[in-house]
Amino acid sequence: MENNKQEFLFDKVNYKILLIGIGVIALGFILMSGGGSDDPKVYSDAIFDFRRIRLAPTTVLIGFGITIYSIFKKNNK
């Protein structure tokens, strides 16, 4: 009788890094939100804030980089 133990595609460490990457991506999208005006006739310059134009997209890209790293990381078996 063979012992058919199902193995996961990634190690536990890969999944932890993947979840961290997804969390960083979510943080970037949260940083991107807001900045609108309650009244559509009133212009709000807050949408062009540093946080929404520079910080949030950079955070999302870093999150994608972490996620890609977690996929390509070799298993230590």
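Nothing here was measured: the structure is a model prediction, and the numbers come from that model.

Basis of the calculations
Residues numbered from 1 in each chain as written. Predicted model: local features only at pLDDT ≥ 70, side-chain atom pairs only at ≥ 80, totals over all residues. Heavy atoms only, no water. Helix = DSSP H or I, 4+ residues; strand = E, 2+ residues; numbered from the N terminus. Rg over C-alpha atoms; globule rule 2.2 N^0.38 Å. Buried < 20%, exposed > 50% of the residue type's maximum accessible area, 1.4 Å probe, protein only. Contact = heavy atoms within 4.5 Å. Expected span 1.5 Å × (residues − 1). Bend = angle between axes of the 7 residues up to and from the residue. Polar contact = N/O pair within 3.5 Å; in protein donor to acceptor, adjacent residues only side chain to side chain. Phe/Tyr/Trp six-rings, centres within 6.5 Å; stacked < 30°, edge-to-face > 60°. UniProt positions renumbered as here; feature names shortened; annotations may be inferred. Axes fitted to C-alpha atoms, helices over the stretch in contact; angles between N-to-C directions. Parallel < 35°, antiparallel > 145°, perpendicular 65-115°, else oblique. Left-handed = near helix turned anticlockwise from the far one by under 90°. Nonpolar A, V, L, I, M, F, W, Y, C, P; charged D, E, K, R; others polar.

Participant: Explain the overall build of the chain to me, please; I cannot follow it from the model alone.
Facilitator: Looking only at helices and strands, the chain features two helices and zero strands. Here the chain has a C-alpha radius of gyration of 20 Å; the compact-globule value for 77 residues is 11 Å, and the former is much larger. For the C-alpha atoms alone, the extent of the chain along its principal axes is close to 75 × 20 × 10 Å. Burial analysis of the chain (77 residues in total) assigns 21% to the buried set. A sequence separation of at least 24 residues applies to 72% of the contacts in the chain between residues at least 6 apart.

Participant: So what exactly am I meant to see when it comes to helix H2 (residues 50–72) here?
Facilitator: For an α-helix, 3.6 residues make a turn, and residues three or four places apart therefore share a direction. Taking 1.5 Å of rise per residue, the 23 residues of H2 would be expected to cover 33 Å, and the 32 Å separating its terminal C-alpha atoms lies within 8% of that figure. Of all the bends found along H2, the most pronounced is centred on Ala 56 and spans about 30°, while Pro 57, a proline, follows it within four residues. All of the buried residues in H2 are Arg 52, Ala 56, Thr 59, Val 60, Gly 63, Thr 67 and Ser 70. Looking at the buried positions of H2, the neighbouring elements they touch are helix H1 (12–32).

Participant: What's the story with the side chain of Asn 14 in this structure? I'm lost.
Facilitator: Relative to the assigned elements, Asn 14 resides in helix H1. A distance of 3.3 Å separates a polar side-chain atom of Asn 14 from the backbone oxygen of Lys 73. If we ignore the near neighbours within four places in the chain, the residues touching Asn 14 are Ser 70, Lys 73 and Asn 75.

Participant: Teacher, can you tell me more about the packing of aromatic side chains here?
Facilitator: Centre-to-centre distance and the angle between the planes together describe a pair of aromatic rings. Taken as a whole, this structure holds one aromatic pair when the rule is applied. Taking 5.7 Å as the distance between ring centres and 75° as the angle between the ring planes, the aromatic pair formed by Phe 10 and Tyr 15 counts as edge-to-face.

Participant: Before we go on, may I ask you to explain the UniProt feature "transmembrane region" (unreviewed entry) in the chain in this structure?
Facilitator: When the UniProt feature table is mapped onto this chain, "transmembrane region" (unreviewed entry) is found at residues 13–33 and 53–72. Here residues 13–33 runs as 95% helix and 0% strand, with 31 Å between its end C-alpha atoms. For residues 53–72, helix accounts for 100% and strand for 0%, while the C-alpha atoms at its two ends are 29 Å apart.

Participant: Can you help me understand the side chain of Ser 70 in this one?
Facilitator: Within the secondary structure, Ser 70 sits in helix H2. Within the structure, Ser 70 has its side chain in polar contact with the backbone oxygen of Thr 67 (distance 2.6 Å). Excluding its chain neighbours within four sequence positions, the residues that come into contact with Ser 70 are Asn 14, Ile 17 and Leu 18.

Participant: Would you take a moment to explain the packing of H1 against H2 for this structure?
Facilitator: The axes of two packed helices give the description: the angle between them and the distance between them. Where H1 contacts H2, the two axes come as close as 8 Å, and the packing angle between them is 165°. Relative to H2, the element H1 lies roughly antiparallel. In this structure, H1 crosses over H2, and the sense of that crossing is left-handed. The residue makeup of the contact of H1 with H2, split by class, is 16 nonpolar, seven polar and two charged.

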